[in-house]
Amino acid sequence: MTAVVKNASPSSSIARLETRERKKRLKVTLRAYLWLLPLIICLAVIVVYPLVTGFILSFTNADQTNIAVQIGSVSYPATYKFIGLQNYFTVVRGWFTAGSDEQHVIFQTIIWIVANSIFHFIFGLGLALILNRKMRFRALYRTLLMVPWAMPQFVAAFAWKFLYNQQGGYIDAVLQALHLPAIGWGSDPAWALVGVIIVNIWLGIPFMVVTLLGGLQSIPAELYEAASIDSATSWQRFRHITLPMLRPVIFLVTLLDIIWTFNVFAVIYLITSGGPFNRTHTLFTYAWAQAFQVPQRYGLGGAYSILILLILLIFTVIYSRMLRANQTVY
Amino acid sequence: MKQRHPKVFFARLSMLFVPLALLFAACGGSTSATTSSGPVTLNYWYTEGTAETPVILQLIKTFEQQNPNIHIHAQYQDFAQAQSKFTTAAQSNTAPDILRSDVGWVAQFASLRYLLPLDTYISQSEQSDYLPNALAYDKYNGHLYGLPQVTDFLALLYNKTAFTKAGISAPPKTMSDFEVDTQKLVSSHASKYGFETSGASYFALPFLWAFGGGMIDPSNNILVNNSGSVAGLNFLLKLQNADKVMPTKVDFNNGYNNMVNDLKNGTTGMIFDGPWETSNILSGSVFTDKSNLGISGIPTGPTGATGSPTGGQSYVIYAGTKHPAEAAKFVEFMSSTSSQIAIAKANNTLPTRVSAYSDSAVTSNTIVSGFYAIRNTAVSRPVIPQGGELFTAFDPNIQAALAGSKSAAGALDAVAAAWKTLLAS
């Protein structure tokens, strides 16, 4: 049946079509947001609320003596005061005081990130290239490679801590059996840092391998065939085909790796607890110690978190510019 | 006009409710309904190690049998994290009703209003039965906030067989004898090391006190970097670096465990440790004959001074507990004379009640009487709210001195500077 509509003109019917289209899109969008609502609320509670609270507390002198507490039926109100940017000045001043713990923490953090990222990438790419070939037991190797990743971090930490024990640990026992000098994994700050870096490299390789392997497998084989027809050496193939094709993947995976390495806590805390006299603390674990070990200076911890957030944000922007990853290769 | 198909209608309705239902399910925590009458459940956090726990659980069972309307839910907490965990829980009203707290934490917890004052529950006559030094740790601002469970201090623990093999007839009385004995142990190959320390400042304190130093005096003057303290720390460094009677370098990741295990398997001849570890030590391979463990006082320094830090554990009650009367009853039971005797017998630790020391089971316990005989060497630590925090700056600097990164004087000066800011806050 044909509807008799008043004022039926071509322009108004197009307008009505557009409104109906808009309404349909709005309905779909609203429905999508309704499904996303639990996730948004969870993110807001777990991520946004602590972030905002930390940000606000970083401008106060909040610690365990003056925050609001609820003891039984009595609730004591908070008595911390607004102190402006003093916490930030304390942190940054510590970074520039020669020989202070805070300055050592900065150097340790840089060493930690650079060493971990470089070796994660080298070992990851190397293993991915090897596993990309057809070989026997390839599936077995790939499964074994997942073990460090599948293992809970604290299990790995305790296992390595046992190996590193200077009296009875297997590594020093083997070294002494070979008449080599024992290594002070727990007593020498430099070796302690090397020790936790080794553990974290070991833990981080699988992720690199899996992601880079996926990237390698998406490179069309015709490119390699064309290159071998043009008698390119394997190094030239690697440099001119593999690396450029992998570039978006490399950018993403190294960025993620650097951010995750920065945020590693369990490995350092469980093996050395920040190490001989705070010499294996990174900025992240040191901030935790300030915030949560007695006297639990929440204001200072908040200042550390905001500074860490700023550092990581600035790094992400610079890094993406550096690799110009927004330009796709093909 | 479009016809609303019932299927479509219900599909849309479910789309509205499913996300919200998931949300509420995720948000819902466990809320236990507490009935006003009926059995009361108390949460108890204990920090005893594996070797010391059985008698505690046994006592809890006895208490529950005597008080059928009270149930104790006992939970083990790692000693290293118990202080932070209790603080965090206390701030949000999720703390246990009763905690076995280190004596160094009680003043701080009390100053933060986390603890229930026990003056109304424990009579004066009851309080007079406790050793005054032990009870002093649980007093703050004129009120009593805990009941001491055990008191302890460090003693010289040694391997008697190793001593005989090295030709040492009696444990060293002075620090110079101590140095000679460590060298005898090593040169005669009676043990690989003469002495071992854990790397923590607590176990280096006896050296500081023996040479005339200290931590903080009762008027809050800092003693940790005076000449006596520096001399004491230098003596320890001499044992490690010059005399080479200790492991070349302390493994700080495993310092305490290595120290204890090395005494247990005969690798080291002497350590400083407290009664809490004796049950574990006696399970070592060289102590199958329990009389092989020797206990002696910390050797005296050149001026005749000596000292070992007094520690201990107390039962404290959370101020926000819903059942203060029942919690007080539990605490009174656990620190009653009979309970203390049972704990002393099983764990070789020192009771805190004078009446417990008249029991034959306690006095005949060689370990307990061994420690009790040298109680005069014990020195109380400062009972201030910042008492537990003193070690935050102390430990890293002692580690730096032992690792050779700082000189003894430099390390202790850094500690003094940190304590100055701490005490001023």
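So, here's what we can say about the structure. (Residues numbered from 1 in each chain as written. Chains lettered and ligands numbered in written order. Predicted model: local features only at pLDDT ≥ 70, side-chain atom pairs only at ≥ 80, totals over all residues. Heavy atoms only, no water.)

Quick word on the overall build of chain B
When its secondary structure is counted, chain B shows 18 helices and twelve strands. Projected onto its principal axes, the C-alpha coordinates of chain B cover approximately 105 × 55 × 45 Å. In chain B, which comprises 425 residues, the proportion classed as buried is 55%. For chain B, contacts bridging at least 24 residues in sequence account for 72% of all contacts bridging at least 6. Of the roughly 17,700 Å² that chain B leaves accessible, carbon and sulfur atoms contribute 56%. For chain B, the distance from the average site of its 27 positive side-chain charges to the average site of its 28 negative ones is 10 Å. (Helix = DSSP H or I, 4+ residues; strand = E, 2+ residues; numbered from the N terminus. Buried < 20%, exposed > 50% of the residue type's maximum accessible area, 1.4 Å probe, protein only. Contact = heavy atoms within 4.5 Å. Areas by Shrake-Rupley, 256 points an atom, 1.4 Å probe, with all protein chains shown as cover. Lys, Arg positive; Asp, Glu negative; His and termini not counted. Charge placed at Lys NZ, Arg CZ, Asp CG, Glu CD.)

Here's the deal with the packing of aromatic side chains
In this structure the tally under the stated criterion is 47 aromatic pairs over all chains. Here F315 of chain A and Y319 of chain A contribute two aromatic rings whose centre-to-centre distance is 5.2 Å and whose plane-to-plane angle is 25 degrees, an arrangement assigned as stacked. With F315 of chain A and Y319 of chain A both in helix α13 (residues 298-323), this residue pair falls four residues apart, about one helical turn. For F315 of chain A, a relative accessible area of 24% puts it in the partly exposed group. On the basis of relative accessibility, which here comes to 12%, the residue Y319 of chain A falls in the buried class. Taken together, Y44, Y46, F63, Y76, Y315, F330 and F333 of chain B form an aromatic cluster joined through their ring pairs. (Phe/Tyr/Trp six-rings, centres within 6.5 Å; stacked < 30°, edge-to-face > 60°.)

Description of unusual backbone geometry
Residue and element names in this part refer to chain A. Backbone geometry places F137, a non-glycine residue, at a positive phi of 60 degrees. In this fold, F137 is placed in the loop between α3 (101-131) and α4 (138-145). Its relative accessible area of 52% is what places F137 among the exposed residues. Its identity as a non-glycine residue notwithstanding, H179 has a phi of 60 degrees, on the positive side.

As for the interface of chain A and chain B
The interface of chain A with chain B comprises 35 residues on the first partner and 41 residues on the second. Both faces considered, chain A and chain B share a buried interface measuring about 3,200 Å² in area, 57% of it formed by carbon and sulfur atoms. Put simply, chain A and chain B have zero salt bridges between them. Connecting chain A to chain B are twelve residue pairs in polar contact (both at pLDDT 80 or more). Only α1 (10-57), β1 (69-71), α6 (153-164) and α11 (266-272) of chain A provide two or more residues apiece to the side of chain A that touches chain B. Class assignment for the residues of the side of chain A that touches chain B results in 20 nonpolar, 13 polar and two charged. (Buried area = accessible area lost by both parts, 1.4 Å probe. Salt bridge = Lys/Arg side-chain N within 4 Å of Asp/Glu carboxyl O. Polar contact = N/O pair within 3.5 Å; in protein donor to acceptor, adjacent residues only side chain to side chain. Nonpolar A, V, L, I, M, F, W, Y, C, P; charged D, E, K, R; others polar.)

Details of the pairing of strand β9 (residues 268-273) of chain B
Residues and elements named next belong to chain B. When you tally the buried positions in β9, you get six out of six residues, the bulk of the element. In this structure, strand β7 (residues 155-159) lies alongside β9, joined through four bridges in antiparallel fashion. Its bridge partner lying in β9, L157 is registered against I271. Taken together, the three bridges between strand β8 (residues 193-196) and β9 define a ladder with parallel strand orientation. The residue of β9 that forms the bridge with F195 is M270. (Pairing = 2+ DSSP bridges.)

Regarding the pairing of strand β1 (residues 40-46) of chain B
Residue and element names in this part refer to chain B. Of all seven residues making up β1, five are buried, and the element is well covered by its neighbours. Pairing geometry for β1 and strand β2 (residues 70-76), over seven bridges, is parallel. By the bridge assignment for β2, V40 is matched with I70. Traced from β1 through helix α2 (residues 53-66) to β2, the parallel crossover comes out right-handed. With two bridges joining them, β1 and strand β3 (residues 98-102) adopt parallel strand pairing. Note on β3: the bridge partner recorded for Y44 is I98. (Right-handed = clockwise from strand over helix to strand, strands pointing away.)

Section: the pattern of salt bridges
Residues and elements named next belong to chain B. All told, the structure shown has six salt bridges over all chains when counted by the stated rule. A salt bridge links E179 to K238; the nearest nitrogen and oxygen atoms lie 2.8 Å apart. Taken together, the positions of E179 in helix α8 (residues 175-187) and K238 in helix α10 (residues 227-241) put the pair 59 residues apart, joining distant regions of the chain. Under the relative-accessibility criterion, K238 is labelled partly exposed at 39%. Salt bridges here are not isolated pairs; linked through shared partners, they connect E126, D129 and R353.

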